[in-house]
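Chain by chain, the residues run as shown.
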Amino acid sequence: MNRLTASQITTSLAVLLLASGGALMIGAGPLDIVLPVLAGLAVLVIAAGGEQEQTEESPATAVEVADIFAHPDVRSLLEGISDPLMLIERGRIISANRAAQRLLGAHIEGEDVRIAIRHPAAAERLASLAPMAEPVMIELVGLGTREQRWQMRIAPVGEDDHVRRLVHLADHSGAHAAEKMRVDFVANASHELRTPLAGILGFIETLADPDLGKDDETRQRFLKIMDGEARRMQRLIDDLISLSRIEAEKYRAPDSAVDLSGLVAEVVGVFRTSHGERGREVEMDIAPDMPDVQGDRAQLSQLLHNLIGNSVKYGKAGTPIRVTLNDGPSGMTRLTVADEGEGIGPDHLPRLTERFYRVDSGRSRAIGGTGLGLAIVKHIVERHRGRLDIASALGKGTAISILLPRVVVEEKAAATKA
């Protein structure tokens, strides 16, 4: 049943009185007026009583807002985030997920945030009790390890009087390293191409001179240098294209069965016939009945050419270059290329697979190196899900070992049937 409000009841009484007065004026009898008036009053009394009853039964109550951070599932919610996450109240860490504890220490809950995160810009923001209108982003360097870069996002949560902050840390070290690598790569590639190009342009200007261009001996010498510089640029561009293709396929593991024993014998034969006396110093030792490896034959051939080629260039003349193929650990195949030469110092070893890195830049350029050979080898090994190890000693030589996964017997049988 619908209830009448106080204004509705007042209006009804006024209408009832006006109607009664109007009826008397037109000559209605008292009895004709009294009965309808009494009935109307009775209805109004009942309606008014119902309204009062409803009001008394449904008193307005204040809604209490629960503290979300007191909920038992808040800890599970924080742990569901893989990045470091912390809840701070009045400059003190009241909750931190496991990722934050691994980064800053297991003891940080209950600790002053300025002690847990020792960074001036972050400490000033986190310890401040001033209200925050919107989230704040801060770049941090050196949190965790010296080279790590983090983006800290500080957002206000809850009521202003609680002074609570939700802190999220995102690791941007990989993105920063990739960007730095890209910038360095462009700079190095530009430099490597600019040097021979400047030489070629200089020789062209010299040969264009009417007087100097008549000297046949000078012209032939300059043309020979120009040919060498142009071929060096061509090798560099070929290596850059090759490296780009390998990187484009790095997430797709090769699935072909490759007879690595036959491929090693083929590449060694090429060096023995095409590199003169130094090529005939390449030796090979292949264990019998070596199983096929899972790989890309063209890329593995390139890998062998780069490794043996480096030994031919940098090994000491008159000493052997040994190419060995045998069983490796964990059911893998081990390929080793070793030479006897000047060797490489321990400071250089970690950087040998970087693009354009050279132990001796002058010597490398003089013998036609592009600085990309071992970078290509590293990316080929990574695409084949293998392992690369470089061991060297000054005055003794260098040995590069590669472990490659073998073809699973079931997979090989299926490939043969297909």
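Everything discussed here concerns the structure shown above.
Just so we're clear, the structure is a prediction, and the values are computed from it rather than from any experiment.

Trainee: Whenever I open this one, helix α9 (residues 260-274) confuses me. Can you help?
Mentor: Compared with the 21 Å implied by 1.5 Å per residue over 15 residues, the 21 Å span of α9 between its first and last C-alpha is a close match. For α9, the full list of buried residues reads L260, S261, L263, V264, V267, V268 and F271. Down the axis, α9 shows its buried residues gathered within 165° of arc, on one side only. Where α9 begins, the side chain of D259 points an oxygen toward the backbone nitrogen of S261, at a separation of 3.4 Å. Just downstream of α9 lies G276, where phi reads positive at about 60°.

Trainee: Explain the sheet that holds strand β7 (residues 282-286) here, please?
Mentor: Note on sheets: strands pair through backbone hydrogen bonds, and any given pair is parallel or antiparallel. Spatially, five strands are ordered β7-β9-β10-β12-β11 in an open sheet, and the strand pairing comes out mixed. Each edge of the open sheet is held by one strand with a lone partner, namely β7 and β11 (387-393). This sheet shows a mean twist of 15° between the axes of neighbouring strands, independent of strand direction. Relative to strand β10 (residues 332-339), strand β9 (residues 321-327) runs antiparallel, the two sharing six bridges. Note on β10: the bridge partner recorded for V323 is V337. Packing of α9 onto the sheet brings it into contact with β7, β9, β10 and β12 (397-405), and relative to β7 it is tilted by some 165°. Across the face of the sheet, helix α11 (residues 297-314) comes into contact with β7, β9, β10 and β12 while running at roughly 25° to β10.

Trainee: When you look at the layout of surface pockets in this model, what are you seeing that I'm missing?
Mentor: Any empty space left between the atoms is revealed when a probe the size of a water molecule rolls over them. Roughly 550 Å³ of internal volume is contained in the second largest pocket. Taken together, 22 residues form the lining of the second largest pocket, with K180, M181, D184, R351 and E354 sitting closest to its centre. Elements represented by at least two residues in the lining of the second largest pocket include exactly α7 (173-208) and α12 (361-366). When grouped by side-chain class, the residues that make up the lining of the second largest pocket number five nonpolar, six polar and 11 charged. Both of domain 2 (69-173) and domain 3 (253-410) provide at least three residues apiece to the lining of the second largest pocket.

Trainee: I tried to follow a nonpolar patch on the surface on my own but got confused; where do I start?
Mentor: Taken together, the side chains of L197, L201 and I204 present a nonpolar region at the surface, about 260 Å² in accessible area. Relative accessible area serves as the criterion here: at 46%, L201 is assigned to the partly exposed category.

Trainee: Help me understand the sheet that holds strand β4 (residues 149-157), please; the structure alone is not making it clear to me.
Mentor: Strand order in the open sheet made by the five strands is β2-β1-β5-β4-β3, with antiparallel pairing throughout. Edge strands, defined here as strands with exactly one partner in the open sheet, are β2 (92-96) and β3 (136-141). This sheet shows a mean twist of 30° between the axes of neighbouring strands, independent of strand direction. In terms of strand pairing, strand β1 (residues 85-89) meets β2 through four bridges, oriented antiparallel. Following the sheet pairing, L87 is matched in β2 by S95. Its contacts with the sheet place helix α6 (residues 120-127) against β1, β3, β4 and β5 (164-171), and it is angled at close to 145° to β3.

Trainee: Which parts of the structure should I look at to understand the packing of aromatic side chains?
Mentor: In this description, a pair of aromatic rings is defined by centroid distance and the angle of the planes. Tallied over the full model, the rule gives one aromatic pair. Note on F203 and F222: the rings are 4.7 Å apart at their centroids and 45° apart in plane angle, and the pair reads as tilted. Placement of F203 in helix α7 and of F222 in helix α8 (residues 216-248) is noted, with a sequence separation of 19 residues between them.

Trainee: Would you explain the environment of R278 in this entry?
Mentor: Tracing the chain through its elements places R278 in helix α10 (residues 276-279). The contact partners of R278, leaving out residues within four places of it in the chain, are S311, V312, G315, K316, A317, G318, T319 and I321. Polar contacts involving the side chain of R278 include one to the main-chain carbonyl oxygen of K316, which spans 3.2 Å.

Trainee: Would you mind showing me how to read unusual backbone geometry here?
Mentor: Both trends apply: most residues other than glycine have a negative phi, and most peptide bonds are in trans. In this structure, R90 takes a positive phi of about 50° despite not being glycine. Its place among the elements puts R90 in the loop between β1 and β2. Overall, the relative accessible area of 49% leaves R90 in the partly exposed class. The backbone of S330 shows a phi angle near 60°, a positive value even though the residue is not glycine. By secondary structure assignment, the location of S330 is in the loop between β9 and β10. With a relative accessible area of 72%, S330 lands in the exposed category.

The rules behind the values
Residues numbered from 1 in each chain as written. Predicted model: local features only at pLDDT ≥ 70, side-chain atom pairs only at ≥ 80, totals over all residues. Heavy atoms only, no water. Helix = DSSP H or I, 4+ residues; strand = E, 2+ residues; numbered from the N terminus. Expected span 1.5 Å × (residues − 1). Buried < 20%, exposed > 50% of the residue type's maximum accessible area, 1.4 Å probe, protein only. Arc of directions from axis to C-beta. Polar contact = N/O pair within 3.5 Å; in protein donor to acceptor, adjacent residues only side chain to side chain. Pairing = 2+ DSSP bridges. Axes fitted to C-alpha atoms, helices over the stretch in contact; angles between N-to-C directions. Contact = heavy atoms within 4.5 Å. 1 Å grid on protein atoms, 1.4 Å probe; cavity = no way out; pocket = protein on both sides within 12 Å on 5 of 7 lines; lining within 4 Å. Points joined across faces, edges and corners; volume = space filled by probe spheres on them. Nonpolar A, V, L, I, M, F, W, Y, C, P; charged D, E, K, R; others polar. Domains from an automatic or database assignment. Patch = residues over 30% accessible without salt bridge, like charges linked within 9 Å, V, L, I, M, F, W, Y side chains within 5 Å. Areas by Shrake-Rupley, 256 points an atom, 1.4 Å probe, with all protein chains shown as cover. Salt bridge = Lys/Arg side-chain N within 4 Å of Asp/Glu carboxyl O. Phe/Tyr/Trp six-rings, centres within 6.5 Å; stacked < 30°, edge-to-face > 60°.

Without other data, these values stay purely geometric and don't point to any function.
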